[in-house]
Amino acid sequence: MKELAGHGNTIGEQTLAVEPVKPVKSKTSERSVAPLARTSNGAKLSAQSAGGHLTVEEQPLEDTVVKVFRCSKVVKGGRRFSFAALVVLGDRAGTVGVGYGKAKEVPFAVEKGIKDAKKSLHKIALAGRTIPYQVEGKYRATKITLVPASPGTGVIAGSSARAVLEFAGVQDVLTKVYGGNSAKNVVKATLDGLLKLRSKEMFQSLRGVEVETIKRW
């Protein structure tokens, strides 16, 4: 026979005390989850818990391999190969860098090149989709001329110069290479030309005069 008395259960002569069940609070209800939003250009927005202000993260960097070089060394047992990678890194918004890495395998060489490019990032002065004015870059026996172009022209350049210009954020430009056309020289000459560019604000601060912008199109 089972008898129920108060809050205890009586089974024969033994009495079992039943404790009341406490309500369990959910951890998720106590935390305030910060929502994530995405802007039109793909940048993530995170909400801060203190003031609720939105902070835009930096635009991610993209990389591309311009060329992979193979070097062979003749030893007693045969030939040993090593590889070198020429890498361009940029955010397509005015920041670009060039890196060079060497290793026994291609993936490790590319990884070293990316790390080297991150150490030498440069800010380029742009004028919308193109460059402010005509400029000439030089490295060793290679010269390159960069000419501003009207919207819709595109990047008229070879593969080596195109990589630097596109990842720097230039969308309309005309180029002409003189002298040597090796990938290393062309990339470094293109970067040298971009580093010579100055914005309107830079000229005003350096000369102390007002500078007027001439619109070509």
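The shown structure was predicted, so the numbers you read here are calculated from the model rather than taken from an experiment.

Parameters and conventions
Residues numbered from 1 in each chain as written. Predicted model: local features only at pLDDT ≥ 70, side-chain atom pairs only at ≥ 80, totals over all residues. Heavy atoms only, no water. Helix = DSSP H or I, 4+ residues; strand = E, 2+ residues; numbered from the N terminus. Buried < 20%, exposed > 50% of the residue type's maximum accessible area, 1.4 Å probe, protein only. Contact = heavy atoms within 4.5 Å. Areas by Shrake-Rupley, 256 points an atom, 1.4 Å probe, with all protein chains shown as cover. Pairing = 2+ DSSP bridges. Axes fitted to C-alpha atoms, helices over the stretch in contact; angles between N-to-C directions. Salt bridge = Lys/Arg side-chain N within 4 Å of Asp/Glu carboxyl O. Patch = residues over 30% accessible without salt bridge, like charges linked within 9 Å, V, L, I, M, F, W, Y side chains within 5 Å.

K.L.:
Go over the overall build of the chain with me, naming the residues and quoting the values.
P.N.:
Secondary structure summary: the chain contains 5 helices and 14 strands in total. The buried share of the chain, taken over its 217 residues, is 29%. For the chain, contacts bridging at least 24 residues in sequence account for 51% of all contacts bridging at least 6. For the chain, the exposed surface amounts to about 15,400 Å²; the carbon and sulfur share of it is 53%.

K.L.:
I'd like a description of the sheet that holds strand S8 (residues 78-90), backed by residues and values.
P.N.:
The strand order S7-S8-S9-S10 describes an open sheet built from 4 strands, whose pairing is antiparallel. Of all the strands in the sheet, the pair left with one neighbour each is strand S7 (62-75) and strand S10 (121-123). Each neighbouring strand pair of the sheet contributes to a mean axis angle of 15 degrees, computed without reference to strand direction. Sheet topology places S7 next to S8; 13 bridges connect them, and they run antiparallel. Bridge assignment links Lys73 to a residue of S8, and that residue is Arg80. The strands touched by helix H2 (residues 106-119) within the sheet are S7, S8, strand S9 (95-103) and S10, with S9 carrying the most contacts at an inclination of about 145 degrees.

K.L.:
Kindly report on the pattern of salt bridges, identifying the contributing residues and their values.
P.N.:
Under the criterion given, the structure shown has 5 salt bridges. Residue Lys115 pairs with Glu111 through a salt bridge whose shortest N-O separation is 3.8 Å. With Lys115 and Glu111 both in helix H2, this residue pair falls 4 residues apart, about one helical turn. Taking the relative accessible area as the measure of exposure, Glu111 reaches 42% and is therefore partly exposed. Across the salt bridge formed by Asp172 and Arg129, the nearest N and O atoms sit 2.7 Å from each other. Remark: Arg129 occurs in the loop between S10 and strand S11 (135-139) and Asp172 occurs in the loop between helix H3 (159-168) and strand S14 (173-179); sequence separation between them is 43 residues. Judged by its relative accessible area of 1%, Asp172 is buried.

K.L.:
Talk me through the side chain of Thr145; I want residue IDs and the actual numbers.
P.N.:
Considering the arrangement of structural elements, one finds Thr145 in strand S12 (residues 142-148). Accessibility expressed as a relative area gives 11% for Thr145, which makes it buried. Once you skip the residues sitting within four places of it in the chain, Thr145 turns out to touch Gln134, Val135, Glu136, Leu174, Thr175, Lys176 and Tyr178.

K.L.:
If you had to explain a nonpolar patch on the surface to someone new, which residues and values would you point to?
P.N.:
Taken together, the side chains of Val65, Val68 and Val106 present a nonpolar region at the surface, about 180 Å² in accessible area. The topology assignment puts Val106 in helix H2.

Shape is all these values report; function is a separate question.
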